[in-house]
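Below, each chain spelled out in residue letters.
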Amino acid sequence: MSLIEMSLSASLFILVVVCFRPLLLHRIPKMTFILLWGVALLRLLVPVSFHSQFSIFTAVNDLGRMFTLQGNIPSTPSSPVTNGETVTLPFITERMVTPNGPLEPSAALSPFMLVWLVGFTLCALSIILPHLRCRKHYRSSLPIKSDFVQKWQQSNPLWRKVQVRQSDLILAPLTYGVFRPVILLPKHIDYTDTEQLRFILAHEYTHIHRLDTLKKWLLAASLCIHWFNPFVWVMYILANRDIELSCDEKVIRTFGESTKPAYARTLVHMEVKKSGLSSMVSYFSKSPIEERIISIMKIKKVSIATMLLAIAIVTGTVTVFATSALDKKETASGDRPVAVAVPALYQGESSTALMPIDLTFTRSDVPQLMDQLHASKYRAVYVDNEMVLRITNDNSIQIRKNNGAGWKKYDTDRVDAKDFANWLFKNDPIPGYSMKELQSRLANGAEVKHIAFENGKEMYIVIDSSGVQIELVQPQKIASVLIDGQRMMITSESHPYVISEQMLKSFYDLLISSDILTKTQAEQDYSKRIQFLKEDDTIFTVTN
């Protein structure tokens, strides 16, 4: 997933959580929102998506396919040139059109990337520099000599050693450090007020136990990376508030609901003034005081119904809004699903840059080859400098690699026809045949098979009673020749477009060995093609 895709997919999830929050904040445990913000962080920081048929994106894709299949690309069918009663058919290359030239190489650093880097740097510095300044002040703090604090630490052990120190440079208690946490208390606190001190230590120990400082660093990291996304700024503010609210809730549940008034008074007494303190620490009263007081007074005992509601909200929200669209696959007869590998094209990597230079001719352009192919026991043949392929009348795929003598039968994945039609409609710049006709075939039950080869090369094979059509995907423009029963396609590997005599000879050798043309027919047709390419063609350069 790209940065923009990660940011957009997380934005919808954040928006849903923001809408739920005012309705459910005082009805369900505060930890529910901590879990939801954690899922949002995963969407923002981890470029991995999980697919679900219940995802809202699956529903959107299904609706999109319904409309896409109704669309078509108008094409002008090829027709032979007539002269009286004699039909004159052009050579293959007479109908070639110059394809788009190669794409210009992209700049080393795009303008978008430059802007993003500037924003990332400014955002990171605005968070890190104040934190470093505060840490410098924190080093001047002194250990607290208090019997009550020492007894508290002994009765509340943690797997990390916790220091409790005091400083005259802060106005409210805070915790900093992930691996070596420190609780820093203001020097002006009344250390004889054991009830107040007990609430403060319980709150800060909860932060340490839950690794809240690490959570805040991750929130800051997501803010720096996605600084351009306003939804991430909203998440950063609300998630920090919810961390504090969740700690308040934990303290009240630990000491009992009867302590709510006393804890609220402590909270008001310790309210932090806006003094520019670092955001990478956990404050006793970081969030708006009004929201925290209201939340404290509304805390109630958690019931089974409340827990079930919280579980349902987390599960439903994550399943619907935090998962990606499901790549649907064809099922075999009897509704038994076929376990197949999902092609790379269906994971957001499709691009017209992957398509070959497709010089395509219809059946009326190459009638002899098409007729001979239909009369043989094969439905398609293909050759390039790495392999040769043929598809038999029973739709089995045979492949021979690296000039080997033996043919190997290849297994294929089955692809959902609607998914393939949607991809083809968007990504094939020169389909070479009627898109409307192909979409009609797919809508009427044509089967789509997929083969993935080395180096990113792929084939999509459309099969029905009307014939076979093959779509090639080649990141590297390997020279090749294909007849698939509906069209003939020549792919060139370089610009200007080069086709070698050896490539064409290999193609005609394949036609001979597959009993599609006799040796005499192949020699005659080959001689005509080579002569035309060398003397009259303006697109191809023929090499030995």
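Please refer to the structure placed before this passage.
Predicted, not measured: the structure shown is a model, and the values here were computed from it.

A. Inspection of the overall build of the chain at higher detail. From N to C terminus, the chain includes 16 helices and 24 strands. Evaluated residue by residue, the chain yields a buried proportion of 47% over its 544 residues. A total accessible area of about 27600 Å² is found for the chain, and carbon and sulfur atoms account for 58% of it.

B. Looking closely at the environment of Ala-239. With respect to the element layout, Ala-239 can be found in helix H8 (residues 230-255). The class of Ala-239 is buried, set by a relative accessible area of 2%. Aside from chain neighbours lying at most four places away, what touches Ala-239 is Trp-37 and Leu-219.

C. Representation of a nonpolar patch on the surface within the structure. Among the surface-exposed residues, Leu-125, Ile-128, Leu-129, Leu-132, Trp-159, Leu-211, Leu-214, Trp-217 and Leu-218 lie close enough to one another that they form a single nonpolar patch of about 820 Å² accessible area. Mapped onto the nonpolar patch, the elements with two or more residues apiece are helix H4 (111-138) and helix H7 (212-225). Residue contributions to the nonpolar patch peak at four residues, all from H4. Its relative accessible area of 41% is what places Leu-129 among the partly exposed residues.

D. Looking closely at the pattern of salt bridges. In this structure the tally under the stated criterion is twelve salt bridges. For the salt bridge of Arg-292 with Glu-244, the shortest nitrogen-to-oxygen distance reads 3.9 Å. Of this pair, Arg-292 sits in helix H10 (residues 289-297) while Glu-244 sits in helix H8, and the two are 48 residues apart along the sequence. One salt bridge in this structure joins Arg-414 and Glu-447, with 3.2 Å as the shortest N-O distance. Taken as a pair, Arg-414 in strand E17 (residues 413-415) and Glu-447 in strand E18 (residues 447-452) lie far apart in primary sequence, 33 residues in all. A cluster of three or more residues bridged by salt bridges with shared partners is formed by Arg-21, Arg-241, Asp-242 and Glu-291.

E. Broad picture of the sheet that holds E18. On the basis of which strands lie adjacent, the open sheet formed by four strands has the order E17-E18-E19-E20 and antiparallel pairing. Each having just a single partner strand, E17 and strand E20 (467-473) make up the two edges of the open sheet. Each neighbouring strand pair of the sheet contributes to a mean axis angle of 30 degrees, computed without reference to strand direction. Sheet topology places E18 next to strand E19 (residues 458-464); six bridges connect them, and they run antiparallel. Note on E19: the bridge partner recorded for Ala-452 is Glu-458.

F. Quick look at helix H15 (residues 501-513). Between its first and last C-alpha, H15 extends 18 Å over 13 residues, near the 18 Å set by a 1.5 Å rise per residue. Following H15 by one or two positions, Asp-515 adopts a phi angle in the positive range, close to 60 degrees.

G. View of the packing of aromatic side chains. Evaluated as defined, the whole model comprises ten aromatic pairs. Ring centres of Tyr-138 and Tyr-176 lie 4.7 Å apart, and the angle between their planes is 25 degrees; this geometry places the pair in the stacked category. You can see Tyr-138 sitting in helix H4 and its partner Tyr-176 sitting in strand E6 (residues 174-176), a full 38 residues away along the chain. Ring centres of Phe-199 and Tyr-263 lie 5.4 Å apart, and the angle between their planes is 90 degrees; on these two criteria the pair is classed as edge-to-face. Of this pair, Phe-199 sits in helix H6 (residues 194-209) while Tyr-263 is found in helix H9 (residues 260-269), placing the two residues 64 residues apart along the sequence. Exposure remark for Phe-199: the relative accessible area of 0% places this residue in the buried category. Owing to a relative accessible area of 0%, Tyr-263 belongs among the buried residues under this scheme. Taken together, the ring pairs connect Phe-112, Trp-227 and Phe-228 into an aromatic cluster. Just above the ring of Phe-199 sits the side chain of Arg-198; from NZ or CZ to the centre is 5.6 Å.

H. Highlighting the side chain of Asp-525. Here Asp-525 is to be found in helix H16 (residues 519-535). Residues contacting Asp-525, with those up to four places away along its chain left out, are Gln-368, Leu-369 and Tyr-508.

I. How the structure looks around the environment of Gln-53. The topology assignment puts Gln-53 in the loop between strand E1 (51-52) and helix H3 (56-68). Owing to a relative accessible area of 53%, Gln-53 belongs among the exposed residues under this scheme.

J. How the structure looks around the nonpolar core. Within the largest apolar cluster, 35 residues are counted, with the highest numbers of intra-cluster contacts made by Phe-13, Ile-14, Phe-33, Trp-37, Leu-219 and Met-235. Among the elements that take part in this core, helix H2 (residues 31-45) stands out by supplying eight residues, more than any other. Sequence-distant contacts of Met-235, that is, excluding residues within four places in its chain, are made with Ile-14, Trp-37, Ala-40, Leu-41, Leu-44, Leu-219 and Ser-222. Tyr-378, Ala-479, Ile-490 and Leu-510 belong to the second-largest nonpolar core, a separate cluster that totals 28 residues.

K. Layout of the packing of helix H1 (residues 3-24) against H2. Their axes nearest at 8 Å, the elements H1 and H2 cross at an angle of 170 degrees. Taken together, the axis directions place H1 and H2 in an arrangement best described as roughly antiparallel. Side by side, H1 and H2 meet where Met-6, Ser-7, Ser-9, Ala-10, Phe-13, Ile-14, Val-17, Val-18, Phe-20, Arg-21 and Leu-24 of the first sit next to Phe-33, Leu-36, Trp-37, Val-39, Ala-40, Arg-43, Leu-44 and Leu-45 of the second. Its residues assigned to classes, the contact of H1 with H2 comprises 15 nonpolar, two polar and two charged.

Reading the values: rules and limits
Residues numbered from 1 in each chain as written. Predicted model: local features only at pLDDT ≥ 70, side-chain atom pairs only at ≥ 80, totals over all residues. Heavy atoms only, no water. Helix = DSSP H or I, 4+ residues; strand = E, 2+ residues; numbered from the N terminus. Buried < 20%, exposed > 50% of the residue type's maximum accessible area, 1.4 Å probe, protein only. Areas by Shrake-Rupley, 256 points an atom, 1.4 Å probe, with all protein chains shown as cover. Contact = heavy atoms within 4.5 Å. Patch = residues over 30% accessible without salt bridge, like charges linked within 9 Å, V, L, I, M, F, W, Y side chains within 5 Å. Salt bridge = Lys/Arg side-chain N within 4 Å of Asp/Glu carboxyl O. Pairing = 2+ DSSP bridges. Axes fitted to C-alpha atoms, helices over the stretch in contact; angles between N-to-C directions. Expected span 1.5 Å × (residues − 1). Phe/Tyr/Trp six-rings, centres within 6.5 Å; stacked < 30°, edge-to-face > 60°. Lys NZ or Arg CZ within 6 Å of the ring centre and 35° of its normal. Core = buried A, V, L, I, M, F, W, Y, C linked by side-chain atoms within 4.5 Å. Parallel < 35°, antiparallel > 145°, perpendicular 65-115°, else oblique. Nonpolar A, V, L, I, M, F, W, Y, C, P; charged D, E, K, R; others polar.

Just distances and angles here, no functional claims.
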